[in-house]
Amino acid sequence: MGGHPFLADGVDFGDVLLSLVMVVAAFVICLVATMLMVWFERKVVSRLQNRIGPNVAGPFGLLQTLADGIKLFFKEDIIPTRSDRFVFQLAPYLSLVPAFLTFTLVPIAGDFSGGNGSSTVFGREFYWQVADVPVGILFFLAMSSLGIYGIMLAGWSSGSKYPLLASVRASAQAISYEAALGLSLASVLLVAGTLSTHDIVLGQAGSLQTLNVVATGFVPFVVFLIAGTAELNRPPFDLVEAEQELVGGFHTEYSSIRFALFFLAEFMNTVTMGAIIVTLFFGGPAPLFDFPFIDFPHAWWMGFILFFAKLLVFLFIFVWFRASLPRLRYDQLMDLGWKLLIPLSLGWLLILGGIRVARDGNIGIVDDSIGDTIIVLVLGGMVLAVGASLIMLANRNARSERLRNEGLVAVANPDLGTSRAADHATTGPPGASHDTAQVGADH
Amino acid sequence: MTSLGILAAEMTNTEVWVTNSFFLAIAAVSILAALKMVTTDNVVHAALYLLIVLAAVAAVYVILGAEFAAATQILVYIGAIMVLLLFGVMLTRAQIGSETDLDHDQKWIGALISVVLAAVMGYSLWEAFSDAKLPDNRVPQGTEAVADSIFGIYIVPFEAISVLLLAALIGAVVVARRD
């Protein structure tokens, strides 16, 4: 049903105090994780680009983020005269608050290998998350759609053309990818049968087969990872802050601490999205499967270690995306969202529902759960292969079309044609790698 | 007995008192925001005030224990419809500062119609629920209960609305097509 066990029988002063402690603790963990994430991203991107990265402030450059934060605090805070003052000042907070609110849903520790993930302090049984909302996943979707207001309003209130363009892009992108995000989540809900994040983690504990990434057949996970990256406005979907086209994007006019807040929100969102992926698809603090020889200590900190180990993998994947993928063009972004991800996740939901109905009705070969899992995985692999080959085909068609059109241009303007041909000889087809060099550039 | 009277009569119980004060605060905020929304002279500000009204309605749902309705309200109205509306405003006209030509010639007719509408709806609500009381120990309404009733007794209206939305979707595509 959701909710901490200690809240079930009335609320007294101690319950309120415990809730407050959890809020403060989650906020501190979230802030520290965000700080470390900034350092981690800069360090990993540097290594992937054969650089060293921050190494002066503190051991391994760990204090670099702190130093940057202090520097930004003492910079002059400029509000453009042509801006909408109140909205301009409000926007950074609108961007930061939803990022943290989503983090309150995530179970970050607890013993899920045998236990039910709760611990007891002063006679009060609690879960290792700030709130176990009965409508947890809907709350996550609601918060992720609220996050867009910060970017939209920042771009509009700046009173400047390029930020406005960025915010228009951002809202179109967010609406497009939210649909794919929600539809891929529907598969998880179909398998888990609950909206509460604690119950979703509890349902995944125990074996590899109950892990949602396996039980939902891998397709929703792939769609969620792509749509989540787009929702975060991270590379390769960072059209909101495409430096070549938009100066700096929606935060061009921001300076000092307000800029720092946007920066903080962006990285906090990244950490939160990684945590949500771990919770929904990889069992959060629960072990991936029952290890045959090792007996894990049944304690809450084991869950903590497992959770952060899994989270680190996804944070690395986000950074890896940034370092290796060139930014998508706007039409490619829209095509990927509307023509591939949404049909893929919707179709997969239907297939998964069909398999479930067949199993419940004891039809044919899918009456045992292992067979069910195997069928789901095989179908998922097939669907992914078809999806990937379709998008490769579409890409190839678009490229040959473009080359054919350019061939026509070359006939009409001989001068232009030769210079284009020279470009082709040196850099390959235009658009294929137009901003690879900039993608990995540091902030 | 007026509804304010009902509120006053129940203020012996702490829980009810807290609930009622929260409700009154939310109602006040939402009424103020609604008034500001129609009187402000900037389109984006009007949209932001509308946002506050919609959020206040979601808060009322939370107080009533209807968490699913609250989450859906935020997700659909604030997260999708208002984003789309702001997107449209920003694509077309979104100047900063006050605008002069926001008044419409027929605003008095519109005002009259909205007053009549409010009166009719208020009267029918008053007739139906003026002495209804919330149960004392109400449990939050679970998502399962919502799903059961949508796909149970309300299946026909649900399907009708689905078809209506589908028709609207196809209509929008037809209108927006270039050829």
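Residues numbered from 1 in each chain as written. Chains lettered and ligands numbered in written order. Predicted model: local features only at pLDDT ≥ 70, side-chain atom pairs only at ≥ 80, totals over all residues. Heavy atoms only, no water.

Assigned secondary structure in chain A consists of 15 helices and two strands. Looking at the 443 residues of chain A, the share that counts as buried comes to 49%. Across chain A, contacts joining residues at least 24 apart in sequence account for 80% of those joining residues at least 6 apart. Carbon together with sulfur atoms contributes 70% to the accessible area of chain A, which is approximately 20,100 Å² in total. (Helix = DSSP H or I, 4+ residues; strand = E, 2+ residues; numbered from the N terminus. Buried < 20%, exposed > 50% of the residue type's maximum accessible area, 1.4 Å probe, protein only. Contact = heavy atoms within 4.5 Å. Areas by Shrake-Rupley, 256 points an atom, 1.4 Å probe, with all protein chains shown as cover.)

On to empty space enclosed by the protein, then. Residues and elements named next belong to chain A. Tallied over the full model, the rule gives two cavities of 30 Å³ or more. Quantified by volume, the largest cavity comes out at close to 360 Å³. As for the largest cavity, its lining consists of 24 residues, and the residues nearest its centre are Gly147, Glu231, Leu232, Asn233 and Asn269. Secondary-structure elements contributing two or more residues to the lining of the largest cavity are α3 (85–103), α4 (136–157), α8 (219–231) and α10 (256–281). (1 Å grid on protein atoms, 1.4 Å probe; cavity = no way out; pocket = protein on both sides within 12 Å on 5 of 7 lines; lining within 4 Å. Points joined across faces, edges and corners; volume = space filled by probe spheres on them.)

Residue and element names in this part refer to chain A. The sheet contact formed by strand β1 (residues 118–121) and strand β2 (residues 124–127) spans four bridges and is antiparallel. Along β2, the bridge assignment pairs Ser118 with Tyr127. Count of turn residues in the β1/β2 antiparallel hairpin: two residues, of which Phe122 carries a positive phi of about 50°. (Pairing = 2+ DSSP bridges.)

Let's shift gears to unusual backbone geometry. Residue and element names in this part refer to chain A. In this chain, Pro235 is followed by Pro236 through a cis amide linkage whose omega measures 0°. Mapped onto the elements, Pro236 comes out in the loop between α8 and α9 (243–246). A positive phi angle, close to 55°, is found at Phe60, a residue other than glycine. As for its placement among the helices and strands, Phe60 is situated in the loop between α1 (13–48) and α2 (64–73). Given the relative accessible area of 64%, Phe60 is considered exposed.

Let us look at the pattern of salt bridges. Residue and element names in this part refer to chain A. By the definition in use, this model includes eight salt bridges over all chains. Residue Glu41 is joined to Arg322 by a salt bridge in which the shortest nitrogen-to-oxygen separation is 2.4 Å. You can see Glu41 sitting in helix α1 and its partner Arg322 sitting in helix α11 (residues 300–324), a full 281 residues away along the chain. Accessibility classification places Glu41 together with Arg322 in one group, the buried group. A salt bridge links Arg329 to Asp331; the shortest N-O distance between them is 3.0 Å. Given the relative accessible area of 39%, Asp331 is considered partly exposed. Where salt bridges share partners, they join Glu41, Arg234 and Arg322 into one cluster. (Salt bridge = Lys/Arg side-chain N within 4 Å of Asp/Glu carboxyl O.)

Let us look at the side chain of Thr197 of chain A. You can see Thr197 of chain A is positioned in helix α6 (residues 197–204). Apart from residues no more than four positions distant in its own chain, Thr197 of chain A is found in contact with Leu105, Pro107, Gln129, Asp132, Ile137 and Thr279 of chain A.

A word on a nonpolar patch on the surface. All names here are of chain A. Among the surface-exposed residues, Leu63, Leu66, Ile70, Phe73 and Phe74 lie close enough to one another that they form a single nonpolar patch of about 560 Å² accessible area. By the secondary structure assignment, Phe74 is in the loop between α2 and α3. Owing to a relative accessible area of 71%, Phe74 belongs among the exposed residues under this scheme. (Patch = residues over 30% accessible without salt bridge, like charges linked within 9 Å, V, L, I, M, F, W, Y side chains within 5 Å.)

Bringing the domain arrangement of chain B into the picture now. Domain assignment breaks chain B into domain 1 (4–97) and domain 2 (142–179). Look at where the C-alpha atoms of domain 1 of chain B and domain 2 of chain B centre, and you get two points 25 Å apart. (Domains from an automatic or database assignment.)

The next point concerns the domain arrangement of chain A. All names here are of chain A. Split into domains, chain A comes out as domain 1 (5–328) and domain 2 (341–402). Each of domain 1 and domain 2 has a C-alpha centre, and the two are 28 Å apart. Each partner contributes residues to the interface: domain 1 has 22 residues there, and domain 2 has 18 residues. In total, about 1,600 Å² of surface goes out of reach between domain 1 and domain 2, with carbon and sulfur atoms giving 78% of it. Area buried by domain 1 at its contact with domain 2 is led by Leu183, Gln209 and Val219, which between them contribute 34% of it. Between domain 1 and domain 2 we count zero salt bridges in total. Inspection of the region where domain 1 meets domain 2 yields one residue pair in polar contact (both at pLDDT 80 or more). At ten residues, the largest contribution of residues to the side of domain 1 that touches domain 2 is made by helix α5 (residues 161–192). (Buried area = accessible area lost by both parts, 1.4 Å probe. Polar contact = N/O pair within 3.5 Å; in protein donor to acceptor, adjacent residues only side chain to side chain.)

Our next topic: the interface of chain B and chain A. With 25 residues of chain B at the contact, the number on the chain A side is 28 residues. Overall, the association of chain B and chain A removes approximately 2,200 Å² of surface from exposure, summing both partners, and the carbon and sulfur fraction of that is 80%. The tally of links between chain B and chain A comes to zero salt bridges. For the pair chain B and chain A, the interface holds two residue pairs in polar contact (both at pLDDT 80 or more).

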